[in-house]
Every structure is written in C-alpha cells, then in structure tokens.
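An overview of the molecular structure
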Amino acid sequence: MPENTMEKPNIVTCTAPVNIAVIKYWGKRNEELILPINSSLSVTLHQDQLKTTTTIATSRSFKEDRIWLNGKEEDITHPRLQSCLREIRRLARKRRNDGDPALDPSVLSLKVHICSVNNFPTAAGLASSAAGFACLVYTLARVFGTEGELSGIARQGSGSACRSMYGGFVQWIMGQKDDGKDSLAQQVEPETHWPELRILVLVASAEKKSVGSTSGMQTSVQTSCLLKHRAESVVPGRMEEMIEAVREKDFVAFAELTMKDSNQFHATCLDTYPPIFYLNSVSQQVINLVHRYNRHYGETRLAYTFDAGPNAVIYTLQQHVPEFVQAVQHFFPPESNGGQFIQGLPVNQAALSEELKQAIGLEPMPKGISYIISTKAGPGPRVVEDPTQHLIGSDGMPKHTV
Ligand code: DP6
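The following paragraphs examine the structure supplied in this document. Keep in mind the model is a prediction, meaning the values are calculated, not measured.

The subject of this paragraph is the sheet that holds strand E11 (residues 184–189). Overall, antiparallel pairing links the four strands, which are arranged E2-E5-E10-E11 in an open sheet. Of all the strands in the sheet, the pair left with one neighbour each is strand E2 (19–23) and E11. Averaged over all neighbouring strand pairs, the angle between strand axes comes to 35 degrees, with direction disregarded. The strands that helix H6 (residues 251–271) touches are E2 and strand E5 (40–44); relative to E2, the one it contacts most, it runs at about 90 degrees.

And the structure:
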C-alpha cells in the first residue's frame, strides 16, 4: 500500500442512555478504580429523549488514538479515558489468549478515532458523563470484539456510568474486593416492567454547577460524619426496600424513598466542610410544590430527586403528568407562550383547579424553569446499524467539528 493512501477505516456507532439515581452514589473508597462507599440504584431514561451517540473508527493508517466530544477535539490522555481504553484492550487480549477464534488478533494494535455527541445540551446539567462513558465502553467493546460484562470498565470512566450499561431499573452493587472485580451494575427489572412510570426533567435556568461530583464527594468522604453514617447504616436497608418497591411497582414506597434519599444526599453536602450547595431557590420551590401537591391529594403522587445541580427530576405515574405540568407552568411562568416549554413525550392539556392553586399557594417564580423534558424508562446501549448515522466519515475524521 503506498504511504499516502489511507486504509479504509472500520467504523462502529452506538448509543447509550442517561440514568437518574433514586438511591444516590456519593463517596469513593478507591479513587483510581472508582469504588463506591455504598450501593446505588437508578432508572435508565429513554434514549428517544436523552442519549449519547459515539462512533469509533479503526484503521492501520491512524497514528494515534484521538477523541472529539461534541465536535471539539479533547485530550485523549485524560486518565479515565485511558483506563477505559486500556481495560477494553486488556479484555480483548485475554479473550484472544483464552482461544476465542472469532477475534482478529491484528485489531488489538490498531489506533482509534472516537467521536461522541449528546442529543441534549451539556448545560442542562444532566449526567452526561454517565451516558458518555457507557457509550464509549460499549462501542469500544464492539470494535475490539469483547462483548459481555462491561459495567466494571464503564465504572472506571465515571462511577454512575456503570448503571447506564443496562436498561430499566439498575443497581450498582458496591462490592467488597480491593480490586473492584465485584463492584458491578446489575439490572433489577427491565424497562418494560413499569410502563406507567414517567420521568420529568425540570431544567432550572442555566447556572453552572459550583462543585463537580468527583471533587465534591472527595471532600464529603474526608469531612462528613453524616455521609459515613448514611453509607454504613442507611443505604443498605434502603437498597432492599427500593428493590422491593420497584419489583412490586409500589409507587408510594418508591416515591418516598426517592425523596428521602435525595434529601439525605443534599444533607451530606451541607454536612461537608466547607459545605456544598447544589440546590438553589428554584429547587426549593419545586420541593415545596411537590409536597403541597401530594398533601392536597392526601396521597404521594409525585417524587423529586436532585443530583449535583439545581435541576429537579420528577418521578410520577402517567395519569398525573398533565396536571402537574400545568402546575409547573403556573408556578414557574415560562418566557414566551410556553410552546417549547415541554419537550419529549407529548403531554396532554389539563385544567388547573383554583382549589389546587390555593392549596399550593406559592408565589410564582417567572422563568425559574427553562423547559421540561418528558420521558420514561428505556433500554440500555444499542448498536446503530444505519451507516448514514456514523459521526466519522470514510476519511477517518469527524463529519462535523466546531
Ligand atoms: C449525585 O458518577 O458523576 O449523580 O464517579 O466521580 O465520575 P464520578 O462521579 P459521578 O457521580 C454521580 C453522583 C450523583 C449520584 C448518582 O448518580 O448516583
């Protein structure tokens, strides 16, 4: 082959979902391997609304590994990226040495070009690292022919990413071993298990999050005795109760545990020294709205949860969505006529009764919430078969850059 001729790359594209924890992961016992101090449980969101797409190309002509995120080339030497690349190549080598005839040995030495985009704004403050690393690991595994248990590798990119390797309801079992081999994600129930469950992401008006989760949880582990108590004495029982609530589709139990666990996570942030504040006045208003709504009906119909930022994620059942969305529009009047206020799954119009407005009785906060993404539980990572969807062209370079 003449030197200046590019060898046609082999190209694979996959997608992976975002997940939102209802029992939160906060705190590591091993920073490098990303081993947590407690188990956690999440719901995988549907990729029709929120997903990462990653294309990986390999070619003998590539001189080095390279990565582009949302159109911009990034530093491939980032330690967490390197962990994922190293571990997938190690696994591929092991499978080959174990005599898997399906594996082409020459592929192991090939360099990769990685290109990844999100279909949601990074500014939305959603856990983009979970979907991003899950997608990276899933796609790399396809490229190197190493399918199977991969959550332990995704975990080494970002802890919460291990839960995005499965659809539906997923637990991350903390494990006991020092080498992390037993710290893996496992599906509790598939996405079809609870079809009435709905998830609304209430995107609070743009504000950059103050402290990232990696450094935030480091300070919490060092300084918060509430976090130690939570990990040792609270979460083990809550995990059992949550798994039971999911299995039984017991919304009241699911919702109350979800809210209590979010509140305890944010209490450990306040117990961190110096304290970390992720909730803002909009988040507090959402918490009040949810409790007053539930109180009005004498029944827990809604649950909120918050990660390392002010956006609320609401869990509810399908039949309550239209009225609640109407209440959000009333208490957080949007900028224009509200046309683009609701994105994702369609939401029917509903009337808001005077009684409910009065029972809630909050002072409206104009433009406090920029928009709502309406979604449901969804499947795990997928291969995209349609080659027109590849993010990398036949020249081995991204089709779009910024
Ligand atoms: C509050 O997985 O982003 O969203 O492992 O350091 O990458 P690293 O942290 P990350 O932390 C997520 C924390 C959380 C709770 C959760 O998703 O369980």
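Bringing the packing of aromatic side chains into the picture now. To describe a pair of aromatic rings, one takes the distance between the centres and the angle between the planes. Here the structure, examined in full by the defined rule, presents 12 aromatic pairs. Through a chain of ring-to-ring contacts, the aromatic side chains of Phe169, Trp194, Phe251, Phe254 and Tyr315 assemble into a single cluster. The ring centre of Tyr297 lies 3.8 Å from the NZ or CZ of Arg301, which sits over that ring.

Between helix H1 (residues 79–97) and helix H2 (residues 128–144), the shortest axis-to-axis distance is 10 Å and the interhelical angle comes to 30 degrees. Between H1 and H2, the angle falls in the class roughly parallel. The chirality of how H1 crosses H2 is right-handed. Packed against H1, whose contacting residues are Arg80, Leu81, Cys84, Leu85, Ile88, Arg89 and Ala92, the element H2 presents Phe133, Leu136, Val137, Leu140, Ala141 and Phe144 at the interface. When grouped by side-chain class, the residues that make up the contact of H1 with H2 number 11 nonpolar, no polar and two charged.

Most of helix H8 (residues 321–331) sits inside the fold, with eight of its 11 residues counted as buried. For H8, the complete set of buried residues consists of Val321, Pro322, Glu323, Phe324, Val325, Ala327, Val328 and Phe331.

With that settled, the discussion passes to the pattern of salt bridges. A full pass over the atoms with the stated rule returns 14 salt bridges. Taking the shortest distance from any N to any O, the salt bridge between Asp261 and Arg230 comes out at 2.7 Å. Residue Asp261 is found in helix H6, and its partner Arg230 is found in helix H5 (residues 225–248); the two are separated by 31 residues along the sequence. Both residues of the pair, Asp261 and Arg230, belong to the buried class.

A word on the site of the ligand. Neighbouring residues of the ligand: 18 residues in total, closest Tyr25, Lys28, Arg80, Ser158 and Ser160. Protein chains bury 95% of the 450 Å² of accessible surface belonging to the ligand in isolation. Per element, the largest residue contribution to the shell around the ligand is three residues, and it comes from helix H4 (residues 213–223). Looking at side-chain class alone, the shell around the ligand contains seven nonpolar, six polar and five charged residues.

Before going further, it helps to spend a moment on the packing of H5 against H6. In the contact formed by H5 and H6, the axes pass within 10 Å of each other and the chain directions differ by 165 degrees. Viewed along their axes, H5 and H6 adopt a mutual orientation that is roughly antiparallel. Relative to H6, the crossing made by H5 is left-handed. Along its contact with H5, which presents Cys225, Leu226, Leu227, Arg230, Val234, Arg238, Glu241, Met242, Ala245 and Val246, the element H6 presents Ala253, Phe254, Leu257, Thr258, Lys260, Asp261, Gln264, Ala267, Thr268 and Asp271. Partitioned by chemical class, the residues of the contact of H5 with H6 number 11 nonpolar, three polar and six charged.

Take the side chain of Glu189 next. Within the secondary structure, Glu189 is located in strand E11. Here the side chain of Glu189 touches Arg247 through a polar contact of 3.4 Å, side chain to side chain. When residues no more than four places from it in sequence are discounted, the contact partners of Glu189 are Gly167, Gly168, Phe169, Val246 and Arg247.

For the rest of this paragraph, the subject is the sheet that holds strand E13 (residues 302–305). One open sheet holds the five strands; their spatial order is E13-E14-E12-E16-E15, and the pairing between them is mixed. Unpaired on one side and paired on the other, E13 and strand E15 (342–344) mark the two borders of the sheet. Within this sheet the neighbouring strands show an average axis-to-axis angle of 25 degrees, counted without direction. Two elements, E13 and strand E14 (residues 312–317), share four bridges in a ladder whose sense is antiparallel. Counted as the bridge partner of Ala303 is Tyr315 from E14. Running at roughly 25 degrees to E13, H6 makes contact with strand E12 (197–204), E13 and E14 of the sheet. Running at roughly 160 degrees to E13, helix H7 (residues 281–297) makes contact with E12, E13, E14 and strand E16 (369–375) of the sheet.

About the criteria used
Residues numbered from 1 in each chain as written. Predicted model: local features only at pLDDT ≥ 70, side-chain atom pairs only at ≥ 80, totals over all residues. Heavy atoms only, no water. Pairing = 2+ DSSP bridges. Helix = DSSP H or I, 4+ residues; strand = E, 2+ residues; numbered from the N terminus. Axes fitted to C-alpha atoms, helices over the stretch in contact; angles between N-to-C directions. Contact = heavy atoms within 4.5 Å. Phe/Tyr/Trp six-rings, centres within 6.5 Å; stacked < 30°, edge-to-face > 60°. Lys NZ or Arg CZ within 6 Å of the ring centre and 35° of its normal. Parallel < 35°, antiparallel > 145°, perpendicular 65-115°, else oblique. Left-handed = near helix turned anticlockwise from the far one by under 90°. Nonpolar A, V, L, I, M, F, W, Y, C, P; charged D, E, K, R; others polar. Buried < 20%, exposed > 50% of the residue type's maximum accessible area, 1.4 Å probe, protein only. Salt bridge = Lys/Arg side-chain N within 4 Å of Asp/Glu carboxyl O. Near = heavy atom within 4 Å. Areas by Shrake-Rupley, 256 points an atom, 1.4 Å probe, with all protein chains shown as cover. Polar contact = N/O pair within 3.5 Å; in protein donor to acceptor, adjacent residues only side chain to side chain.

Function cannot be inferred from these measures alone, as they are strictly geometric.
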